[in-house]
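Fold and geometry: a report
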Amino acid sequence: MGASGCWKAAVALCAVALSSACATGGSATYVEGALRPRHFVFHEVVKWDGGESGGWRAACLHVGIARDTGEMFLCRFGVEMPIANKAQGFISTEQAQSLSASCANQAARATLSRATPATPIGMACEEFKTFYNLTLDAAIKGAQVTRTCKSGIKPVVVTPTGPTTGGGL
């Protein structure tokens, strides 16, 4: 069993339970508050003129990641995307929120499930943001995940509340 097999974790960000801790123990990492569409509070930063493409919206999130050792890290990122683009046309706020949440959860599943107890939480956050950027741009052409939030946009903070029981969410 590899190191990742020894990592007991409930990754609520991606709504999936990882394998249980091995007999020798080990730390667990929790990312609570499964990202939902409502967490992506978009603000129009460039007005859309009704054309085939244009306009721009942005959201800001600070998602808490905690280990059972007490270590906590806020993974901070922005999500930006066009209001309309040539590939998809007009993208409603609801569509933007739904795709943003779905892609974030997919990226978390792909990156956080590979982390080990030795993986610094900050590094896991950066890997998540990189993969999230790729998945979001594949879903909505021109969308991007930024390392920092647009100035003036209040972050939505999703904080850890502890491990789940019963093996997952």
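Everything below is about the structure shown above.
Read on for a plain summary of the structure. Everything numeric here is computed off the predicted structure, so don't read it as measured data. (Residues numbered from 1 in each chain as written. Predicted model: local features only at pLDDT ≥ 70, side-chain atom pairs only at ≥ 80, totals over all residues. Heavy atoms only, no water.)

**Things to note about the state of the cysteines**
- Tallied over the full model, the rule gives two disulfides.
- Two residues, C60 and C149, share a disulfide whose sulfurs are 2.0 Å apart. Linking C60 and C149, the disulfide has an S-S dihedral of approximately 75° and is accordingly described as right-handed. Here the residue C60 occupies a position in strand 5 (residues 54-67), and C149 occupies one in the loop between strand 8 (144-146) and strand 9 (156-158), the gap between them amounting to 89 residues.
- For C149, a relative accessible area of 23% corresponds to the partly exposed category.
- With a sulfur-sulfur separation of 2.1 Å, C75 is cross-linked through a disulfide to C125. Taking the sign of the S-S torsion, about 80° here, the bridge from C75 to C125 comes out right-handed. Remark: C125 occurs in helix 2 (residues 121-139) and C75 occurs in strand 6 (residues 72-85); sequence separation between them is 50 residues. (Disulfide = S-S within 2.5 Å. Helix = DSSP H or I, 4+ residues; strand = E, 2+ residues; numbered from the N terminus. Buried < 20%, exposed > 50% of the residue type's maximum accessible area, 1.4 Å probe, protein only.)

**Brief notes about the packing of aromatic side chains**
- Following the criterion strictly, the structure yields four aromatic pairs and no others.
- Ring centres of F77 and Y132 lie 5.9 Å apart, and the angle between their planes is 90°; on these two criteria the pair is classed as edge-to-face. Linking F77 in strand 6 with Y132 in helix 2, this pair joins segments that are 55 residues apart in sequence.
- When its relative accessible area of 1% is taken as the criterion, F77 is described as buried.
- Taking 5.4 Å as the distance between ring centres and 25° as the angle between the ring planes, the aromatic pair formed by F128 and Y132 counts as stacked. Separated by four residues within a single helix, F128 and Y132 lie in helix 2, roughly one turn from each other.
- Above the face of the F42 ring, R57 is positioned so that its terminal group lies 6.0 Å from the ring centre. (Phe/Tyr/Trp six-rings, centres within 6.5 Å; stacked < 30°, edge-to-face > 60°. Lys NZ or Arg CZ within 6 Å of the ring centre and 35° of its normal.)

Interpretation in functional terms is not warranted from these geometric data alone.
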